[in-house]
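Tertiary structure, described
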Amino acid sequence: LSFSIAVILCAVGLMDGFEFSLKSALKKSEGDIVVSKKNSFLSLEDLTTINQNKEVRQVVGILQSQGFLINENRSLGVILNGVNGEDFQKITGIRLDLTADGVAIGEALAKRLGLKVGDNVSLLLAKGNGSISDQPLLESFPVKQIYQHNIYEKSLRYLFINETKLRALLDGQAKYNQSMVSLKSQYNAHGKIESSVRSISTIMGDEFSVRPYWHDFEVLLEAVAVEKKTITIILQIIVVILLF
């Protein structure tokens, strides 16, 4: 009976440990809350409005674009994130060396394409879709930093670049795809973040999408929760049968 109970507790502990590790890694790379506009881009005024909420400590805007990273005869689809390095570090703790002419790539991406600091890579970007005459943009950048990201998928696909440089390559407008929000200490505990999400969502209105940092992996976390309950029930049934 003691051994059976120990097995049940170990199974539950493993599931809880996986959930805790995943959420901890996401929190370090996403802040506490992610805010975006449902049908348009965020403006500087929108970021100011978000920052005025009493629960918010700091907001950083992210300009995102998709493209291909090309190195010799190999290429990989990546997501470019144009950020202000200092503000990004204050929220995530990840220090990025974002000079005007360089990029920071994840450790997994560097291993996949065999890159190291100082190598030159080419980025193929879609400059616009306003007309057929819009042509893809090909730019070369040196790799200034290889950072360690806690989430493998993001370490493989995320590429960081100076916000001003990326905006100049695209349309030059002061707008953002989304923003990362850091909450004040009394609001950023795990059990309180969902309450803060509802509060900020009510204030910002239906035009904005306000999500907790684990939103992109919510399906996986729900699957882990169901699996944890299922395994616990099955093991308990087995123990009861063995007792009889």
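Our subject is the structure listed above.
Here goes a summary of the coordinates provided. (Residues numbered from 1 in each chain as written. Predicted model: local features only at pLDDT ≥ 70, side-chain atom pairs only at ≥ 80, totals over all residues. Heavy atoms only, no water.)

Next up on the list: the overall build of the chain. For the chain, the helix and strand inventory stands at eight helices and eleven strands. Here the C-alpha coordinates of the chain stretch approximately 75 × 45 × 35 Å along the principal axes. Looking at the chain alone, contacts between residues at least 24 apart form 75% of all its contacts between residues at least 6 apart. Carbon and sulfur atoms form 54% of the exposed surface of the chain, whose accessible area is close to 13500 Å². Looking at the chain, you have 26 positive and 26 negative side-chain charges, and the mean spots of the two groups are 3 Å apart. (Helix = DSSP H or I, 4+ residues; strand = E, 2+ residues; numbered from the N terminus. Contact = heavy atoms within 4.5 Å. Areas by Shrake-Rupley, 256 points an atom, 1.4 Å probe, with all protein chains shown as cover. Lys, Arg positive; Asp, Glu negative; His and termini not counted. Charge placed at Lys NZ, Arg CZ, Asp CG, Glu CD.)

Per the counting criterion, the structure on display carries six salt bridges. Among the ionic pairs, E19 bridges to K23, the shortest N-O distance being 3.6 Å. In this pair, E19 and K23 are both assigned in helix α1 (residues 2-30), four residues apart and thus about one turn of the helix distant. Since its relative accessible area comes to 23%, E19 is described here as partly exposed. Taking the shortest distance from any N to any O, the salt bridge between D119 and K116 comes out at 3.5 Å. Here the salt bridges share partners, and the residues they tie into one network are K37, D46 and E207. (Salt bridge = Lys/Arg side-chain N within 4 Å of Asp/Glu carboxyl O. Buried < 20%, exposed > 50% of the residue type's maximum accessible area, 1.4 Å probe, protein only.)

Take the environment of F160 next. On the secondary structure map, F160 appears in strand β8 (residues 158-162). Separated by 57 residues in the primary sequence, F160 and V103 place their C-alpha atoms 5.8 Å from one another. Beyond its immediate chain neighbours, meaning those up to four positions away, F160 contacts N81, V83, F88, L96, L98, V103, A104 and Y147.

In this section: helix α2 (residues 44-51). Residues of α2 that are buried include every one of D46, L47 and I50, and no others. The arc enclosing the buried residues of α2, seen along the axis, measures out at 100°, which places them on a common side. (Arc of directions from axis to C-beta.)

In regular strands, side chains alternate between the two faces of the sheet. Bridge analysis of strand β5 (residues 103-106) against strand β7 (residues 136-147) gives four bridges, and the strand direction is parallel. Within the sheet, the bridge partner assigned to A104 lies in β7 and is Q145. The pairing of strand β6 (residues 120-126) with β7 spans seven bridges and is antiparallel. Residue pairing in the sheet places S122 in a bridge with S140 of β7. (Pairing = 2+ DSSP bridges.)

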